[in-house]
Amino acid sequence: MVRVPIPGRVNTTTAASLTPLQRLYGIVTPNGLVFERHHAGVPDIPPEEHRLLVHGLAARALSFTVNDLMRFPSVSRIHFLECSGNSAGEWKAKGSNVQVTHGLLSCCEWTGVQLALVLQEAGIDPRAKWLLAEGADAAAMTRSIPMDKALDDALLVYAQNGEMLRPEQGYPLRLLLPGFEGNMSVKWLRRLKLGDAPFMTREETSKYTDLMPDGSARQFTFVMEAKSVIVRPSGGQALPRPGFVEIYGYAWSGRGRIRAVDVSVDGGQSWSEARLEEPVLPKCLTAFRLPWQWDGSPAVLQSRAVDDSGYVQPPRPVLLAARGVESYYHYNAIQSWRIGSDGRVENVHA
Ligand SMILES: Nc1nc2c(c(=O)[nH]1)N[C@H]1C(S)=C(S)[C@@H](COP(=O)(O)O)O[C@H]1N2
Ligand SMILES: [Mo]
């Protein structure tokens with residue numbers, strides 16, 4: 001079981017690798033299978049030389065070593081991380097399997113410091129409404145973070161699933177913004193600047209905006225809306241024979257907890273409520289199961305997530321009607337897997 005590069009793209013340093021969701025059990029992604037997205041490779045940072053500078057609209061500018069940050073009270077929380085480019089290929093084409101269609105998604109137990117504590121240490125000027133987060137990689141990845149998110153549940157993370165962060169996940173320090181598009185969880189974090197307005201970086205003006213059918217572009221679409229996918233059975237797999245099948249998948253929402261997952265085996269004509277597996281945590285993968293007797297005739301499997309804000313994951317035609325097909329990021333439509341009478345499973349757009 002391995003991470004694979006996005007098909008058709010050479011896995012150079014400025015690339016991505018995809019989590020094999022079809023081979024995972026439970027909600028925590030093992031560290032060696034966490035997806036990677038690097039805009040300019042993985043820097044090799046000696047942790048003792050790394051500093052986090054906090055400055056701008058603050059009472060004082062502070063520089064922290066990783067050891068300084070590890071002396072703060074710590075928290076561990078399980079949250080998903082999803083690139084907003086996850087499933088982007090599905091706007092116009094069909095990925096062959098769930099690793100390709102949904103693999104820019106992982107879920108880890110993250111350990112670190114609440115960002116709010118560190119900002120309070122620097123003394124937040126009341127005029128500070130935004131935060132610039134900057135990475136120490138060659139891309140110097142920079143994003144503007146709203147102050148209310150920074151003070152709510154943002155974390156400065158140094159450990160992941162029980163061990164120190166891996167270099168490809170941002171060692172020795174990364175930002176984690178639970179439920180927000182993965183791009184904003186800046187890895188190799190070296191600088192936080194408090195300001196009174198967004199900083200209008202490349203990643204939030206040219207990139208990470210959503211082109212709408214009327215030609216306008218949505219900006220600052222931070223939250224990852226509710227989404228789900230069946231990982232077994234899924235594209236590229238084959239059911240050996242008619243009979244009992246456990247349908248297994250994941251649901252998640254950047255707004256909070258998953259309230260329900262409905263599963264259809266007839267392309268959305270009728271729905272059954274799946275069993276959610278505990279724990280059901282906010283901004284976290286939730287595993288669901290539905291027992292099913294496959295009678296050997298063609299079937300189309302779908303799952304539909306509902307979160308505790310009442311948001312319902314849209315069918316593909318509804319998403320396309322609202323967003324068109326030129327909108328690269330934030331594709332969260334219902335995924336359809338067709339099972340043929342030979343048992344083979346393939347991606348279909350329904
Ligand atoms: N410094 C830095 N931070 C970064 C990136 C990067 O290239 N450089 N990639 C971003 C993107 S686009 C995503 S989706 C997530 C991916 O995190 P992961 O590689 O740990 O899965 O990190 C974000 N943080
Ligand atoms: Mo991303």
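Up top you'll find the structure we're talking about.
To start, this report covers the structure provided alongside it.

Rules used in this analysis
Residues numbered from 1 in each chain as written. Chains lettered and ligands numbered in written order. Predicted model: local features only at pLDDT ≥ 70, side-chain atom pairs only at ≥ 80, totals over all residues. Heavy atoms only, no water. Helix = DSSP H or I, 4+ residues; strand = E, 2+ residues; numbered from the N terminus. Rg over C-alpha atoms; globule rule 2.2 N^0.38 Å. Buried < 20%, exposed > 50% of the residue type's maximum accessible area, 1.4 Å probe, protein only. Contact = heavy atoms within 4.5 Å. Areas by Shrake-Rupley, 256 points an atom, 1.4 Å probe, with all protein chains shown as cover. Lys, Arg positive; Asp, Glu negative; His and termini not counted. Charge placed at Lys NZ, Arg CZ, Asp CG, Glu CD. Near = heavy atom within 4 Å. Polar contact = N/O pair within 3.5 Å; in protein donor to acceptor, adjacent residues only side chain to side chain. Nonpolar A, V, L, I, M, F, W, Y, C, P; charged D, E, K, R; others polar. Pairing = 2+ DSSP bridges. Arc of directions from axis to C-beta. Salt bridge = Lys/Arg side-chain N within 4 Å of Asp/Glu carboxyl O.

**Some points on the overall build of the protein**
Okay, so step 1: Check the secondary structure of the protein and you find six helices and 24 strands.
Okay, so step 2: Taking 350 residues into account, the globule formula puts the C-alpha radius of gyration at 20 Å, and the protein, at 21 Å, falls close to it.
Okay, so step 3: Reported as C-alpha extents along the three principal axes, the dimensions of the protein are approximately 70 × 45 × 40 Å.
Okay, so step 4: Every one of the 350 residues in the protein was classed for burial, and the buried ones make up 56%.
Okay, so step 5: Sequence separation of at least 24 residues holds for 71% of the intrachain contacts in the protein that already meet a minimum separation of 6.
Okay, so step 6: Accessible surface, the protein as shown: approximately 14200 Å² in total, 51% of it carbon and sulfur.
Okay, so step 7: Distance from the positive charge centre (37 side chains) to the negative charge centre (36 side chains) of the protein: 2 Å.

**Section: the environment of asparagine 97**
Okay, so step 1: Tracing the backbone through its elements, the reader meets asparagine 97 in the loop between β6 (75-82) and α2 (98-102).
Okay, so step 2: On the basis of relative accessibility, which here comes to 22%, the residue asparagine 97 falls in the partly exposed class.
Okay, so step 3: Along the chain, asparagine 97 and serine 228 lie 131 residues apart, while their C-alpha atoms are 15 Å from each other.
Okay, so step 4: Apart from the residues within four sequence positions on either side, asparagine 97 is in contact with Gly235 and Trp337.

**Section: the site of ligand 1**
Okay, so step 1: Taken together, 20 residues lie near ligand 1, and Phe35, His39, Asp137, Arg174 and Lys187 sit nearest.
Okay, so step 2: Histidine 39 places a polar main-chain atom, nitrogen or oxygen, 2.7 Å from an oxygen atom of ligand 1.
Okay, so step 3: Arginine 174 has a polar side-chain atom sitting 2.8 Å from an oxygen atom of ligand 1.
Okay, so step 4: Taking 540 Å² as the accessible area of ligand 1 by itself, protein coverage stands at 100%.
Okay, so step 5: Classifying every residue of the shell around ligand 1 by side-chain character gives seven nonpolar, seven polar and six charged.

**Brief notes about the sheet that holds strand β16 (residues 227-232)**
Okay, so step 1: On the basis of which strands lie adjacent, the open sheet formed by four strands has the order β16-β17-β21-β20 and antiparallel pairing. The open sheet is flanked by β16 and β20 (275-276), the only strands paired with a single partner.
Okay, so step 2: In the sheet, strand β17 (residues 243-252) pairs with strand β21 (residues 286-294) via nine bridges, with the strands oriented antiparallel. Bridge assignment links glycine 249 to a residue of β21, and that residue is phenylalanine 288.

**Some words on the sheet that holds strand β3 (residues 36-37)**
Strand pairing in a sheet relies on backbone hydrogen bonds, with the paired strands running either antiparallel or parallel.
Okay, so step 1: Strand order in the open sheet made by the three strands is β1-β2-β3, with antiparallel pairing throughout. Edge positions in the sheet fall to β1 (4-5) and β3, since each has one partner strand and no second.
Okay, so step 2: With two bridges joining them, β1 and strand β2 (residues 16-18) adopt antiparallel strand pairing. Counted as the bridge partner of valine 4 is leucine 18 from β2.

**Re helix α3 (residues 115-122)**
Okay, so step 1: Within α3 the residues assigned to the buried category are Leu115, Ala116, Val118, Leu119 and Ala122. The buried side chains of α3 occupy one side of the element, clustering within an arc of 165 degrees when seen end-on.
Okay, so step 2: Positive phi appears at glycine 123, one or two residues downstream of α3, with a value of about 80 degrees.

**Quick word on the pattern of salt bridges**
Okay, so step 1: Per the stated rule, a full pass over the model turns up 20 salt bridges.
Okay, so step 2: Close ionic contact of arginine 218 with aspartate 210 constitutes a salt bridge, the shortest N to O distance being 3.1 Å.
Okay, so step 3: Two residues, aspartate 210 and arginine 323, come together in a salt bridge whose shortest N-O distance is 4.0 Å. Here aspartate 210, found in strand β14 (residues 210-211), pairs with arginine 323, found in helix α6 (residues 316-323); they are 113 residues apart in sequence, far enough to count as distant. Comparing aspartate 210 with arginine 323 shows no difference in burial state: the two are buried.
Okay, so step 4: Residues participating in the shared-partner salt-bridge network are Arg3, Glu36 and Glu168.

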